[in-house]
Amino acid sequence: MLDPTRLRYLFYTDACGGIRQAAEELKVNPSSISRQIAVLEGELQLTLLEKHGRKVKVTETGSALCEYYRTQRSADIQLRARLDEFRNIKRGLIRLSMGEGFGEWVVNGPLRAFQTQYPGIDLDIRIHPTDETVRAILEDEADIGVTYFAPNDRDLKFHARSDVPICVVVHQDHPLTHLGRDPRLTDVVDYPIGMLHPEFGGRQVTDLIARSENVVLRPSLTANSYAIVRKFVLLGEGVFLMPFRPSPQRELDDELVPLPLDYASKVTSQTQVITRSERHLTNAMRMLLKSLIESGQFG
């Protein structure tokens, strides 16, 4: 029988891109990972890692073992989920992956009611861009995802969707607030633009709109954080294009104003709650989904 710890170390070395990165993720000494993988290679009489300059990559055999570990881990997660259900949800863990822009809404709204009803359920919340949330859901690293503009993948189940307007976020004294109409992209390009990295759903839908309008957006600032781009806008004449629907749980800074973008294309941005299609959901997970869906953001 293959040692699960050694398989785990090999899997994380592949997933994290190296032994040192895997050690940081697992909080173990890099030499422990190297030693255990070497023992596994000796047991199998096969090479599992190859050096490429300063980096290491798994061989074809190593990749097969990583896939085996992923399958076994997924099966283990499914079994634990069923056992939790048999135990009447007194203990358990739900892993939630979501975009940064959903943090205040989720924590201040749905999670508050959920934790009152299920105080014994632990929550692991990870802030990820859209692409990373989708990957985490498909690889069973997260149970529920809340994101913008996820692709229509047959392996994803969409429990709720809601169209969200694309807004131009500006300082309250910005010239665009005095247009007398909703701004267009041709208005926006006259000012410094802040944008998120391309792995964010909000950025992807903005790029689609720009292509459909034949407008080239040249950002002055690109970041992987909504907070950083909002600070950029607070400095003065900068603008930030993002999906935004005002609500008591999702407010901008007092000095920022969201102006609905005027565009002709049929591209829409959506807030989405997703799981993997074949994922077994415990009663607690279903209740958390229910709290998210009935939070007032959908419908």
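To be clear, the structure that these remarks concern was listed above.
These numbers were taken from a predicted model, which means no experiment stands behind them.

Rules used in this analysis
Residues numbered from 1 in each chain as written. Predicted model: local features only at pLDDT ≥ 70, side-chain atom pairs only at ≥ 80, totals over all residues. Heavy atoms only, no water. Helix = DSSP H or I, 4+ residues; strand = E, 2+ residues; numbered from the N terminus. Contact = heavy atoms within 4.5 Å. Pairing = 2+ DSSP bridges. Axes fitted to C-alpha atoms, helices over the stretch in contact; angles between N-to-C directions. Buried < 20%, exposed > 50% of the residue type's maximum accessible area, 1.4 Å probe, protein only. Salt bridge = Lys/Arg side-chain N within 4 Å of Asp/Glu carboxyl O.

**Student:** Requested: an account of the side chain of Arg 73, with residues and values cited.
**Tutor:** Considering the arrangement of structural elements, one finds Arg 73 in helix 4 (residues 60–86). If we ignore the near neighbours within four places in the chain, the residues touching Arg 73 are Phe 11, Tyr 12, Glu 139 and Glu 141.

**Student:** Let's hear about the sheet that holds strand 5 (residues 144–148): which residues, and what values?
**Tutor:** Each strand in a sheet pairs with another by means of backbone hydrogen bonds, the pair being arranged parallel or else antiparallel. Taken in spatial order, the five strands of this open sheet run 4-3-5-12-6, and their pairing is mixed. Every other strand in the sheet has two partners, leaving strand 4 (121–127) and strand 6 (156–164) as the edge strands with one partner each. Each adjacent strand pair in this sheet contributes to an overall mean axis angle of 15 degrees, direction not counted. Sheet analysis places strand 6 next to strand 12 (residues 269–276), joined by eight bridges and oriented antiparallel.

**Student:** Give me the lowdown on the pairing of strand 10 (residues 239–243), citing residues and values where you can.
**Tutor:** A large share of strand 10 lies buried, amounting to five of its five residues. Residues Val 239, Leu 241 and Pro 243 of strand 10 are buried on one face, and the alternating residues Phe 240 and Met 242, pointing to the opposite face, are buried as well. In terms of strand pairing, strand 7 (residues 166–171) meets strand 10 through four bridges, oriented antiparallel. Looking at strand 10, one finds that Val 169 is bridged to Phe 240. As paired strands, strand 8 (residues 193–196) and strand 10 are joined by two bridges and run parallel to one another. Paired with Ile 193 across the two strands is Val 239, which belongs to strand 10.

**Student:** Can you tell me about the pattern of salt bridges, naming the residues and giving the values?
**Tutor:** Counting across every chain of the model gives 16 salt bridges. With its nearest N and O atoms 3.8 Å apart, the salt bridge here joins Glu 141 to Arg 73. With Glu 141 in the loop between helix 7 (130–138) and strand 5 and Arg 73 in helix 4, this pair connects stretches of sequence that are 68 residues apart. By relative accessible area, which is 16% here, Arg 73 ends up buried. For Asp 124, the salt bridge identified is with Arg 126, shortest N-O distance 3.1 Å. Each of the salt bridges in this network shares a partner with another, and the network as a whole consists of Arg 73, Glu 132, Arg 135, Glu 139 and Glu 141.

**Student:** Quick rundown of the sheet that holds strand 9 (residues 221–223)? Include the residues and the values.
**Tutor:** With respect to topology, five strands assemble into an open sheet ordered 9-8-10-7-11, the strand pairing being mixed. Each edge of the open sheet is held by one strand with a lone partner, namely strand 9 and strand 11 (256–260). Each neighbouring strand pair of the sheet contributes to a mean axis angle of 30 degrees, computed without reference to strand direction. Of the pairings in the sheet, the one linking strand 7 to strand 11 comprises five bridges and is antiparallel in character. When the bridges of strand 11 are listed, Val 169 appears paired with Pro 258. Packed on one face of the sheet, helix 9 (residues 201–212) meets strand 7, strand 8, strand 9 and strand 10 and runs near 125 degrees to strand 8.

Geometry only, nothing functional implied.
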